[in-house]
Amino acid sequence: MAAVRSLPGTPDLPTLHAKLQGLLRFLRGALPISSAHTVDFYTESLWQELVDLNPDGVLAALRESAAEARPREEGSGFIDLPQVFCETSQKLMSTEAFALAAKYYSVQSLGLCTPFEQLLTALRVNKEQRTGENVKAIKFMNTKKSHEVQAMSELICSIADYYGLKQIIDVGSGKGYLSSFLSLKYGLNVYGIDSSNTNTHGAKERNRKLKKHWNLYHAQTRGDAHGPALKMPEGKEVQKEVKCKGGFESAPTNTLVTQDLSANVLPEFSKSAGSVIRQRQGNLHAQPLETALSLMDILPVDAVEPTSSQVHNTEMLEVRKWRRKVTTSKPSDSSIYSPLTSFITADSELHDIVKDLEDCLVVGLHTCGDLAPNTLRIFASKSEVKGVCSVGCCYHLLSEEFEDQHKEYAQENWGFPMCRYLKEERWCCGRNARMSACLALERVAVGQGLPTESLFYRAVLQNIIKDYYGITKCDRHVGKIYSKCSSFLDYVRMSLKKLGLDESKVSEEIIMDYYEKYKPRMNELEAFNMLKVVLAPCIETLILLDRLCYLKEQEDVAWSALVKLFDPVQSPRCYALIALKKQR
């Protein structure tokens with residue numbers, strides 16, 4: 001391992017505490033907006049209670065702010081908090097000041113992130129880059145997952161090389177995309193641990209089939225020594241993405257590895273199969289994976305018989321024999337991917353799960369709720385775990401130590417807060433605020449707006465339920481029925497039925513009266529939700545800062561950082577927490 005001082009510098013703990021102080025000061029005024037539930041928007045008069053500004057003006061100011069891609073520079077003429085919220089009423093005073101404050105307290109503006117490329121360069125000091133084959137993951141998963149897996153696997157491989165590790169523990173491995181890619185492309189020994197036996201079984205089958213295709217790909221790259229290679233015709237593109245019925249991701253059994261076979265995968269079968277297999281032994285080329293994994297490679301060997309006279313019978317016989325050989329040969333690589341089923345907590349003993357546990361790197365890609373903080377705790381407490389690379393998600397599923405002051409049960413390891421500073425502050429966000437932290441500002445900024453009408457329908461429905469059924473808090477959820485409804489009337493009827501309420505209490509005329517009454521105020525709801533969207537990065541910053549401070553507090557940790565790994569439009573939960581232990 002190279003000296004840790006060769007890695008990029010990161011903010012120390014006192015600096016992070018100073019940033020936390022400012023963020024908390026802003027959130028104390030803003031949290032009521034983030035904590036409000038949209039369902040209660042009209043029943044609790046949230047606009048009048050928390051904002052009471054012109055909604056169209058608020059929308060215009062927020063849209064202008066969201067469209068500005070460049071974050072504010074740290075310390076660039078920030079505003080005083082009284083300009084944001086009224087000191088007496090606590091209502092929002094200035095939309096522009098609110099937007100500037102929210103942008104200032106984002107991860108990027110606070111200077112918390114270590115640049116991804118800078119970190120990769122530092123990790124590879126005095127080392128040759130281990131890139132494996134030039135293979136694209138996109139053929140085995142959707143575009144979003146491909147983007148995530150390729151970026152994260154490159155970082156994980158660089159960390160493993162830096163520390164001299166070969167074993168990777170992928171917690172919350174799900175369908176095994178990251179695990180398979182780390183094993184096959186980078187030759188790492190990976191244990192994928194997931195609590196779902198269904199996911200584990202599906203990952204095993206998916207990896208088996210993926211490995212079969214991988215071996216075929218490697219055999220083709222050696223075609224000049226062993227026989228003719230199968231090469232797809234160049235320039236043949238299929239514009240429409242195709243779903244294969246042979247057991248892909250969308251199939252109920254989760255038997256293979258892809259949602260889409262996109263362009264350049266499927267040959268034109270109107271041509272004879274002989275046009276696909278025209279390469280002679282003296283003119284062979286190694287194939288990239290996207291051409292190697294054609295439908296011809298998925299079909300049985302004898303599924304397509306060539307009829308073209310361009311292919312001689314003897315050549316075809318050679319091809320068929322060679323294909324049988326490469327598709328049935330056993331894997332020769334030493335990399336391992338072993339999917340395991342286990343429920344991981346902060347107290348989990350990895351030795352009990354992974355029998356041949358050695359010095360390793362623990363990773364997690366979009367680990368849900370408490371699994372993300374528990375991954376960091378496992379890293380801190382287990383001597384075999386030398387590094388961690390964790391990307392969390394589903395903040396609303398985090399357990400909070402100070403959320404319910406009347407709880408009757410004790411829990412040692414809460415999802416939030418983790419660091420001493422926030423524990424001393426007894427800071428609590430609340431589930432609604434954590435839920436709003438999952439909103440994607442970057443997507444809204446590029447035109448992927450919020451589902452305003454469906455949210456409006458639900459808020460008006462709540463008024464009907466309150467007025468006619470006397471229910472102020474409904475324990476049951478309506479769910480995603482908006483897309484199944486043709487009108488507001490249809491929505492209310494279906495919702496009441498799902499909630500088990502007597503539909504005869506409200507006539508069609510009453511329902512439509514509610515709709516007409518609140519329709520002119522739909523812009524208030526839209527503006528309020530935009531306030532929550534703009535505030536979302538601040539709540540996420542608080543959660544990420546909490547985890548980074550926790551890592552900085554560990555005496556055995558030599559280096560820790562927050563890194564923006566993904567494009568936030570493609571993958572809104574785009575930040576990775578990375579840490580390395582001191583060498584002994």
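The structure we're discussing is the one just above.
Here the structure is a predicted model, which is why all the values come from computation and not from measurement.

Enquirer: How should the sheet that holds strand β1 (residues 167-171) be read in this particular structure?
Expert: Where strands meet in a sheet, backbone hydrogen bonds hold them as pairs that are either parallel or antiparallel. If you trace the seven strands from one edge of the open sheet to the other, you get β3-β2-β1-β4-β5-β7-β6, paired in mixed fashion. Both outer strands of the open sheet, β3 (337-341) and β6 (557-564), are each paired with one neighbouring strand and no more. Averaged over all pairs of adjacent strands, the angle between strand axes in this sheet comes to 15°, irrespective of strand direction. Pairing geometry for β6 and strand β7 (residues 575-581), over seven bridges, is antiparallel. The partner of Ser560 across the bridge, within β7, is Ala579. Those strands touched by helix α7 (residues 177-186) are β1, β2 (189-194), β3 and β4 (360-368), and its axis lies near 170° from that of β2. Lying on the sheet, helix α14 (residues 371-381) is in contact with β1, β4, β5 (385-393), β6 and β7; it crosses β5 at an angle near 170°.

Enquirer: Help me understand the pattern of salt bridges, please; the structure alone is not making it clear to me.
Expert: Close approach of charged atoms allows side chains with opposite charge to pair. This structure, assessed with the given rule, holds 14 salt bridges. As a salt-bridge pair, Arg434 and Glu403 come within 2.9 Å of each other at their nearest N and O atoms. Of the two residues, Arg434 is situated in helix α16 (residues 431-436) and Glu403 in the loop between β5 and α15 (420-425); the sequence distance between them amounts to 31 residues. Beyond isolated ion pairs, a larger network of salt bridges with shared partners links Asp40, Glu44 and Lys473.

Enquirer: I'm lost on the packing of helix α4 (residues 95-104) against helix α21 (residues 522-553) in this one. Help?
Expert: Two quantities define a packed helix pair, namely the angle between the helix axes and the distance between the axes. Where α4 meets α21, the closest approach of the two axes is 7 Å, and the angle between their N-to-C directions is 25°. Judged by the angle between their axes, α4 and α21 are roughly parallel. Seen along the crossing, α4 lies across α21 with a hand that is left-handed. Across the interface between the two elements, Phe98, Ala99 and Ala102 from α4 touch Leu531, Val534, Leu535 and Cys538 from α21. Its residues placed into classes, the contact of α4 with α21 shows seven nonpolar, no polar and no charged.

Procedures and definitions
Residues numbered from 1 in each chain as written. Predicted model: local features only at pLDDT ≥ 70, side-chain atom pairs only at ≥ 80, totals over all residues. Heavy atoms only, no water. Pairing = 2+ DSSP bridges. Helix = DSSP H or I, 4+ residues; strand = E, 2+ residues; numbered from the N terminus. Axes fitted to C-alpha atoms, helices over the stretch in contact; angles between N-to-C directions. Contact = heavy atoms within 4.5 Å. Salt bridge = Lys/Arg side-chain N within 4 Å of Asp/Glu carboxyl O. Parallel < 35°, antiparallel > 145°, perpendicular 65-115°, else oblique. Left-handed = near helix turned anticlockwise from the far one by under 90°. Nonpolar A, V, L, I, M, F, W, Y, C, P; charged D, E, K, R; others polar.

Don't take any of this as a statement about function, it's just geometry.
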